[in-house]
Amino acid sequence: MAKKDFNVITIGGGSAGLVSSYICAAVKAKVALIEKHKMGGDCLNTGCVPSKALIRSTKILSYIKRHKDYGLKSAEVTFDFAEVMERVQNVIKKVEPHDSIERYSNLGVDCITGAAKILSPHEVSVNGKTLTTKNIIIATGARPFVPPIKGLDQVDYLTTDNLWDIRELPKRLVIVGGGPIGCELAQCFARLGSKVTQIQRAADILPREDEEVAEIVRKRFTEEGVDVRVKSNTKEVVVENGKKFMVIENGGQTERIEFDQILLAVGRAANTKGFGLEDIGVKLAKNGTVEVDDYLRTTTYNNMYACGDVAGPYQFTHTAAHQAWYCAVNSLFSPLKKFKVDYRVIPWCTFTDPEVARVGLNEKEAKEKSIPYEVTRYNIDDLDRAIADSEDHGMLKVLTVPGKDIILGVTMVGHHAGDLIAEYVAAMKHGFGLNKILGTIHIYPTLAESNKFAAGEWKKAHAPQGLLNFAKKFHAWRR
Ligand SMILES: Cc1cc2nc3c(=O)[nH]c(=O)nc-3n(C[C@H](O)[C@H](O)[C@H](O)COP(=O)(O)OP(=O)(O)OC[C@H]3O[C@@H](n4cnc5c(N)ncnc54)[C@H](O)[C@@H]3O)c2cc1C
């Protein structure tokens, strides 16, 4: 049989494609990475990086507003929205080299700019040339889902794809969607000075999180001026005499909300069309992602793999990278050796202020799955460093196996929760429990001490009463 041009061709140069081709090259396989638009994909260009850069600028604005909390008599700020958005672009430019063609070429990846089309499970065409390959990794990502709202086509709506191009601050901004992306951006734009109305169909924003967690964030949003409309359906966009309205319905009542711009943040649809998958009959799952097995092989061809947003079930950069390892290793070494993807310990964070970070189960999921659990809480308003920083708000909630220190899940709400939860992620991944966290020295005064204090709360609740009674008598006898 004729030799193939490549061991692996990866389609898409976002987080999933970059990491899988990096790993293939690191173990000396011949790998091509085909990207049709920008290296770095969503994360670098329209997702994580720009959103976190914008969050940082708007956090500074919130501190200026809260200057009295820091003992400062007055603090004023003037800014030009366009310059804030230019800073976002500069941040992207600074990160860009990490995902660049130069870097990946130096790592040994054949980077090709162009739109890939799969001709067969072993052939991919790009720029008029057909390349042959032993395996294909599909890493084509996802795009903002545009809901079928009547009249939407009359307005130039924003999504996270084109939001980063605007240079004029929308005075009145309607954000459709109460998930992580909608929430992060709602707070950002409110802090920048837009009058933000956030429309959420579910009973609360951040519907995957426990009710009390969503409530903390919603209350903060309301305090900061975001008009949060829950249990509300978008019915229609109406344009009248040059004025734009979003018609929403809540409990049988309809209402018109006037807006200058509308941002859609209601989920992301997998990119599975237009590059040959349908021609060779690759099966899709009900939610539109590529259907894969436990080894991340497509269920249609066992030399074709998928990872990242196009495969789901998670849509994060770190899960794309996690899956990429399995795609790379399984494609190169199976059937000699192959690994089932491990989704047991998946963390994530919504970078609102306060941040909401989670790993493993929360109460909602534990109840849905009928998994018995105990809850230990630690309120961050008690933490010395948080008090010193005037960030003494939020909480830590740890779910454990009843009677044991084995961690089932953690939700953390507070300043830098996304960083702080890493200790619990490590604990869950490597199987150490709350006793070990309690027995670890944490630097004073740090926010990370909250992890230890939560473990301390658990220990207090599980103190061996019989032994302590005996100790009391022993000490009385020794006095
Ligand atoms: C506003 C926003 C904020 C986010 N914040 C976070 C966050 O804080 N943390 C986090 O973990 N995640 C975050 N995410 C999610 C994260 O960006 C995605 O999960 C991640 O980028 C998925 O990577 P991917 O490689 O699967 O897809 P993508 O990054 O979308 O990459 C797919 C690439 O494939 C290319 N492509 C598609 N078809 C073809 C073809 N036929 N030929 C060649 N190339 C093709 C595309 O051009 C694209 O570059 C955020 C997303 C958004 C939108």
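Scroll up for the structure.
Computed from a predicted structure; not experimentally measured.

Basis of the calculations
Residues numbered from 1 in each chain as written. Predicted model: local features only at pLDDT ≥ 70, side-chain atom pairs only at ≥ 80, totals over all residues. Heavy atoms only, no water. Pairing = 2+ DSSP bridges. Helix = DSSP H or I, 4+ residues; strand = E, 2+ residues; numbered from the N terminus. Axes fitted to C-alpha atoms, helices over the stretch in contact; angles between N-to-C directions. Contact = heavy atoms within 4.5 Å. Buried < 20%, exposed > 50% of the residue type's maximum accessible area, 1.4 Å probe, protein only. Lys, Arg positive; Asp, Glu negative; His and termini not counted. Salt bridge = Lys/Arg side-chain N within 4 Å of Asp/Glu carboxyl O. Near = heavy atom within 4 Å. Polar contact = N/O pair within 3.5 Å; in protein donor to acceptor, adjacent residues only side chain to side chain. Areas by Shrake-Rupley, 256 points an atom, 1.4 Å probe, with all protein chains shown as cover. Nonpolar A, V, L, I, M, F, W, Y, C, P; charged D, E, K, R; others polar.

*Asks:* Explain the sheet that holds strand β18 (residues 355-360) to me, using residue names and the numbers behind them.
*Replies:* The antiparallel open sheet is built from five strands, whose spatial order is β17-β18-β21-β20-β19. Each of the sheet's edge strands pairs with one partner strand only, and the pair in question is β17 (347-350) and β19 (374-379). The mean angle between the axes of side-by-side strands here comes to 10°, regardless of whether they run parallel or antiparallel. Judged from the six bridges that link them, strand β20 (residues 395-400) and strand β21 (residues 407-414) form a sheet pairing that is antiparallel. Each bridged residue has a counterpart across the sheet, and for M395 the counterpart in β21 is V413. Against the sheet, helix α14 (residues 449-461) engages β19, β20 and β21, with an angle of about 135° to β19.

*Asks:* Residues and numbers for the environment of I9, please.
*Replies:* Residue placement: I9 occurs in strand β1 (residues 6-11). In this view, I9 contacts A32, I34, V124, L131, T132, T133, N135, I136 and I137; residues no more than four positions away in its chain are not counted.

*Asks:* Pulling in residues and values, what's your account of the side chain of D99?
*Replies:* Within the secondary structure layout, D99 lies in the loop between α4 (81-95) and α5 (101-106). This buried residue, D99, is left without a salt bridge; R103 holds the nearest opposite charge, at 5.1 Å. Residues contacting D99, with those up to four places away along its chain left out, are L18, M39, G40, L44 and Y104.

*Asks:* Can you lay out the site of the ligand for me, pointing to particular residues and giving the numbers?
*Replies:* Taken together, 37 residues sit near the ligand, with E35, D42, K52, D309 and T317 positioned nearest. A distance of 2.7 Å separates an oxygen atom of the ligand from a polar side-chain atom of E35. Interatomic distance of 3.3 Å between a side-chain N/O atom of H318 and an oxygen atom of the ligand. Considered on its own, the ligand offers 1,000 Å² of accessible surface; in the complex 93% of this is hidden by protein. Elements with a minimum of two residues in the shell around the ligand: α1 (15-26), β2 (31-35), α2 (41-45), α3 (48-65) and α8 (317-333). A per-class count over the shell around the ligand returns 13 nonpolar, 17 polar and seven charged.

*Asks:* Quick one: what's the story with the environment of V226, residue by residue and with numbers?
*Replies:* In this fold, V226 is placed in the loop between α7 (211-223) and β10 (227-229). Looking at V226, the relative accessible area reads 3%, which means it is buried. Sequence spacing of V226 and N302 is 76 residues, and the spatial spacing of their C-alpha atoms is 49 Å.

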